[in-house]
Amino acid sequence: QVQLVESGGGLVQAGGSLRLSCAASGRTFSSYAMGWFRQAPGKEREFVGAIGWSTLSADSVKVRFTISRDKNMVYLQMNSLKTEDTAVYYCAATTSRSMWFRPNVYEYWGQGTQVTVSS
């Protein structure tokens, strides 16, 4: 069992930065790959990036966002934010070793944290 809690969201101006954190509990956390997704109003949940035995990022954020993990924490550093980055951001955990861009491979999800980028 893994529990995930995101934090660090908020309101930021375009061009600014935010760092999201995801705190994970569970003794087998190290065996999970961790993903970040986002969902804007009226849109489907979108893959942002994932980290496990490798790192994978969506093309739309690859240059601006960085995923890292340390012990029971996973981070999403977001730079050069754009208004289109506005969404609820979720972290998720999976035992899958592939297909990390697919939401349905993730077994556990956090409750999400709102990121709003103003122009």
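Now for a description of the structure that goes with this document.

Thresholds applied
Residues numbered from 1 in each chain as written. Predicted model: local features only at pLDDT ≥ 70, side-chain atom pairs only at ≥ 80, totals over all residues. Heavy atoms only, no water. Pairing = 2+ DSSP bridges. Helix = DSSP H or I, 4+ residues; strand = E, 2+ residues; numbered from the N terminus. Axes fitted to C-alpha atoms, helices over the stretch in contact; angles between N-to-C directions. Phe/Tyr/Trp six-rings, centres within 6.5 Å; stacked < 30°, edge-to-face > 60°. Lys NZ or Arg CZ within 6 Å of the ring centre and 35° of its normal. Disulfide = S-S within 2.5 Å.

**Some remarks on the sheet that holds strand β8 (residues 73-78)**
Consideration 1: With respect to topology, 4 strands assemble into an open sheet ordered β1-β3-β8-β7, the strand pairing being antiparallel. The open sheet has two edge strands with one neighbour each: β1 (3-7) and β7 (65-70). The mean inter-strand angle of the sheet, taken between neighbouring strand axes irrespective of direction, is 15 degrees.

**A closer look at the packing of aromatic side chains**
Consideration 1: Scanning the entire structure with this criterion turns up 7 aromatic pairs.
Consideration 2: Looking at Arg45, its charged tip hangs above the ring of Tyr90, at a distance of 3.9 Å from the centre.
Consideration 3: Positioned above the aromatic ring of Trp109, the side-chain terminus of Arg45 is 4.7 Å from the ring centre.

**Some details on the state of the cysteines**
Consideration 1: For the coordinates displayed, the defined rule picks out 1 disulfide.
Consideration 2: The partner cysteine of Cys22 in its disulfide is Cys91, sulfur to sulfur 2.0 Å. Its S-S torsion of approximately 50 degrees makes the covalent link between Cys22 and Cys91 right-handed. Pair noted here: Cys22 is in strand β3 (residues 18-25) and Cys91 is in strand β9 (residues 87-94), with a separation of 69 residues, a long-range link.

So, to be careful, I would describe these as geometric facts and stop short of saying anything about function.
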